[in-house]
Amino acid sequence: MTYSDDVPGRARVSDTADLSAYYERLAEHEAGALWTVANEIEPWYPQPKSVPVHWSYERLRPLVLESLDLVKADDAGRRVVMLVNPGRKDISAAVGMLYTGLQIMGPGESMTAHRHQAAALRFVVEGQGAWTIVDGQKLKVGPRDFAITPNWAWHEHGNEGDDAPVIWQDGLDIPLVNAHDAGFYEVHPDLYQEQGKAVNSSLLTYGAGELRPYGFEDGWTKPYSPLFAYPWDQAYPALLNAAKASDGSPYDGIILEYSNPLTGGSVMPTMGAHLQLLRPSQATKAHRHTGSVVYNVAKGQGHSIIAGQRFDWREGDIFCVPSWAWHEHANTSSTDDAVLFSFNDFPVMRSLAFWREEAHTDNDGHQPTA
Ligand code: GTQ
């Protein structure tokens, strides 16, 4: 398939002095001629402004630690170093309509409660003692645990460890919310929430997979998962078990979705999350799809080829795949598995009927690299 715009059905009007004058007169009336922008606003296929980016944890970590002394938690609201796509600085996005950042909390520190239209998720990178109170429910989270803060839920965080900071990765749909002019924000009237429930109560109630509450905890009608935390101690063994029984996906290896236990669907309506295992020396085949993905290397080392460009990664690194970019992953260790955490906007793509997916068929399923 070639994509020439010099064909019937595409806009191909040449500029003339008369037309330029006409465009100026239209502009005076807050109007314009579609054919001057038609090919740009209706591309043949997605043209993301976001580019593939790799953020090295080793290089970012000292800068994140530096912020502890530079700003007080109370003044910053949240002390976060955000990761910004060079093509999306205008909207503070990491990729597509997704925001991400590394949040740091010193020992004994806590942040005040607030809520916002944007939904949030956390993946803990390092440090013991992190907690978050979501809708009155205190969740304790450790390294590689995943937790959600659904939209408009009150939340506040802290670190009750006494010697080391906690660093976790935040993922939010802030750019998506703003693209729809739907942002709201509220500071909690008391600054702190009452903890009405047992610590980790959603995990205690909904954390046993297919075993669900029967005749109590009824009537969960919210559009997000009633389970707010997904510990690594359950997720990683689940990956290892699946690897004993299945070859997994040719594009992603053994990949599991963190899901809403009541529906089997994504954890929240705007963002989904996965955990995937690449066996020693495994190299996946390339595919592409609509929707953007932010990865965090939970374990191991390897590389990904994204839009023909190779990015080497290791534990703690973050990288992104823009919509419709070819991508494939490889574990470069011949002895240890590699595990990638990721979050995405697939629920948006699917609910709006934007989802498309394609396998790379040439070159034995792999991209040519430069
Ligand atoms: O924890 O609520 O990294 O509102 C950016 C915006 C975290 C949060 C961020 C937020 C939050």
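No experiment lies behind these values; they were computed from the predicted model shown. (Residues numbered from 1 in each chain as written. Predicted model: local features only at pLDDT ≥ 70, side-chain atom pairs only at ≥ 80, totals over all residues. Heavy atoms only, no water.)

### Considerations on the sheet that holds strand β5 (residues 120-126)
Note the following rule: The criterion for strand pairing is that DSSP finds at least two bridges linking the strands in question. Think of it this way: any DSSP run of H or I at least four residues long counts as a helix, any run of E at least two long counts as a strand, and we number them from the N terminus.
Strands sit in the order β2-β3-β10-β5-β8-β12 across an open sheet of six strands; the sheet is antiparallel. Because the sheet does not close on itself, it has two edges, and the strands there are β2 (80-83) and β12 (229-230). Pairing analysis gives four bridges linking β5 to strand β8 (residues 146-149), with the strands arranged antiparallel. Bridge pairing links Ala120 to Thr149 in β8.

### So, the pairing of strand β6 (residues 130-134)
Our working definition: Think of it in three bands: with a 1.4 Å probe and only protein chains considered, a residue is buried below 20% of the maximum accessible area for its type, exposed above 50%, and partly exposed in between.
Within β6, five of the five residues are buried, which leaves the element mostly enclosed by the surrounding structure. For β6 and strand β7 (residues 137-141), the ladder comprises five bridges, and the chain directions are antiparallel. When the sheet's bridge partners are listed, Thr132 is paired in β7 with Leu139. Inspection of the sheet shows β6 paired to strand β9 (residues 155-159) by five bridges, in the antiparallel sense. The residue bridging Ile133 from the neighbouring strand is Glu156, located in β9.

### Description of the environment of Val348
In plain terms, the rule: What makes two residues a contact is simply this: any of their non-hydrogen atoms within 4.5 Å.
One can find Val348 in helix α8 (residues 346-351). A relative accessible area of 11% means that Val348 is categorised as buried. Aside from chain neighbours lying at most four places away, what touches Val348 is Leu176, Pro269 and Thr270.

### Here we look at the site of the ligand
Going by this rule: A single heavy atom is enough: if one lies within 4 Å of a molecule or strand, its residue is considered near that molecule or strand. We call two N or O atoms a polar contact when they sit within 3.5 Å, provided that within protein one can donate a hydrogen and the other can accept it, with sequence-adjacent residues counted only if both atoms are side-chain atoms. In these tables, accessible area is a Shrake-Rupley quantity obtained with a 1.4 Å probe, and a residue counts as shielded only by the protein chains included in the view.
What surrounds the ligand is the set Arg78, Val80, Tyr99, Gln103, His114, His116, Arg122, His155, His157, Asp170, Leu172 and Ile174. Arg78 places a polar side-chain atom, nitrogen or oxygen, 2.4 Å from an oxygen atom of the ligand. In this structure, Tyr99 approaches the ligand through a side-chain N or O atom, which is 2.8 Å from an oxygen atom. Taken by itself the ligand offers 290 Å² of open surface, and the protein chains cover 92% of this. Of all the secondary structure elements, the ones that give two or more residues to the shell around the ligand are β3 (99-105), β4 (114-116), β9 and β10 (166-172).

### Side note on the sheet that holds strand β14 (residues 272-278)
Pairing between the strands of a sheet is mediated by backbone hydrogen bonds and can be parallel or antiparallel. The line we're drawing: For every element, the axis is a line fit to its C-alpha atoms; helices are fit only across the contacting stretch, and the angle between N-to-C directions ranges from 0 to 180 degrees.
The strand order β1-β19-β16-β21-β14-β13 describes an open sheet built from six strands, whose pairing is antiparallel. Single-partner strands in this sheet number two, and they are β1 (53-55) and β13 (254-258). On average, each strand axis in the sheet is tilted by 25° relative to the strand beside it, whichever way the strands run.

### Comments concerning the nonpolar core
For clarity, the cut-off: Joining through side-chain atoms within 4.5 Å is the link that ties buried Ala, Val, Leu, Ile, Met, Phe, Trp, Tyr and Cys residues into a set, and such a set is a nonpolar core.
Of all hydrophobic cores here, the largest spans 48 residues; its most connected members are Phe146, Tyr258 and Phe341. Among the elements that line this core, the one with the most residues is helix α7 (residues 232-245), at five residues. Those residues within four positions of Phe341 in sequence are excluded, and the remaining contacts are Leu121, Phe123, Phe146, Tyr258, Ala273, His274, Leu275, Val294, Tyr295, Asn296 and Ala298. Membership of the second largest hydrophobic core comes to 13 residues, among which are Tyr295, Val321, Ala325 and Ala338.

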